[in-house]
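# Summary of the model geometry
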Amino acid sequence: MKQIKLLGIAGSLRKKSTNQGLLRAAKAHLPEGVSMEIANLLDIPFYNADIAERPASVQRVLDQIKEADALVFACTEYNYSLAPALKNILDWASREPNNALLAGKSVAIMGAGGGMGSSRAQYHLRQVCVFLDLYPINKPEVFAQAMSASFDAEGNLIEERLIQLVTTQMEVLVAKVRNQHD
Ligand SMILES: Cc1cc2nc3c(=O)[nH]c(=O)nc-3n(C[C@H](O)[C@H](O)[C@H](O)COP(=O)(O)O)c2cc1C
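In this report, the structure presented in the accompanying data block is examined. Small disclaimer: the values here were computed from a predicted structure and weren't measured. (Residues numbered from 1 in each chain as written. Predicted model: local features only at pLDDT ≥ 70, side-chain atom pairs only at ≥ 80, totals over all residues. Heavy atoms only, no water.)

What the rule picks out here adds up to two aromatic pairs. With 4.9 Å between their ring centres and 80 degrees between their planes, Tyr 47 and Trp 92 make a pair best called edge-to-face. Taken together, the residues Tyr 47 in the loop between β2 (34-38) and α2 (56-67) and Trp 92 in helix α3 (residues 84-93) connect sequence positions 45 residues apart. A relative accessible area of 33% places Tyr 47 in the partly exposed class. In this structure, Arg 120 is placed above the aromatic ring of Tyr 80, and the distance from its NZ or CZ to the ring centre is 3.9 Å. (Phe/Tyr/Trp six-rings, centres within 6.5 Å; stacked < 30°, edge-to-face > 60°. Helix = DSSP H or I, 4+ residues; strand = E, 2+ residues; numbered from the N terminus. Buried < 20%, exposed > 50% of the residue type's maximum accessible area, 1.4 Å probe, protein only. Lys NZ or Arg CZ within 6 Å of the ring centre and 35° of its normal.)

Structure (structure tokens):
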């Protein structure tokens, strides 16, 4: 059975981020034969076409994207849309000739936000995926409430129902990737 590599990318940079917590939960509950890295976006500058050479930090994450069989986005919601850190790394990745880093890649989208669980931002992210030729799975959707007992003080996901949902989402994503490889 082929080993599957996933890359998790969260829109929030803060240490106690609940979206980072969702990614950690996903990483802790992967199907057999699957590994996951979580991208560090702390040192990624804003995309600027005047930067002639890709900074090493950007290259590091783009290499991780290239290596990944599929991507897992934890979609932080800022002001009814996806947070800039996530959009920014997608903007950098999209500059590769022929969109070679992203085109055709499968994606899972989860997120933690306010009362609507980052759903508004997630649907904006799905629109972005159309242009980038990324293929998000439809279901299950994962909408978590960041300021609730679903998370502990460190941003770790502790609600069993959501842990199960994230686990199922990873199973569906991996099944899709395995079907593509068969
Ligand atoms: C600038 C800013 C804008 C926000 N806008 C929204 C919003 O429109 N909708 C929402 O549900 N939550 C909003 N929030 C709350 C975040 O979803 C919440 O802080 C969440 O915990 C952020 O994710 P994190 O825990 O991964 O950092 C906003 C937070 C910030 C800092």
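This brings us to the site of the ligand. The environment of the ligand is made up of 14 residues, and the closest members are Ser 12, Arg 14, Ser 17, Thr 18 and Tyr 80. Between an oxygen atom of the ligand and a side-chain N or O atom of Ser 12, the distance comes to 2.7 Å. Within the contact set of the ligand, an oxygen atom lies 2.8 Å away from a side-chain nitrogen or oxygen of Asn 19. Alone, the ligand offers 610 Å² of accessible surface; in the complex the protein occludes 73% of this. Going through the elements one at a time, α1 (18-28) and β4 (77-78) are the ones with two or more residues in the shell around the ligand. Residues belonging to the shell around the ligand are distributed by class as follows: three nonpolar, eight polar and three charged. (Near = heavy atom within 4 Å. Polar contact = N/O pair within 3.5 Å; in protein donor to acceptor, adjacent residues only side chain to side chain. Areas by Shrake-Rupley, 256 points an atom, 1.4 Å probe, with all protein chains shown as cover. Nonpolar A, V, L, I, M, F, W, Y, C, P; charged D, E, K, R; others polar.)

Looking at the secondary structure, you find Leu 22 in helix α1. Judged by its relative accessible area of 0%, Leu 22 falls in the buried class. C-alpha of Leu 22 to C-alpha of Ala 149: the two residues are 127 residues apart in sequence and 14 Å apart in space. Leaving out residues up to four positions away in the same chain, Leu 22 has contacts with Met 110, Gly 111, Ala 112, Ala 144, Phe 151, Leu 157 and Val 166. (Contact = heavy atoms within 4.5 Å.)

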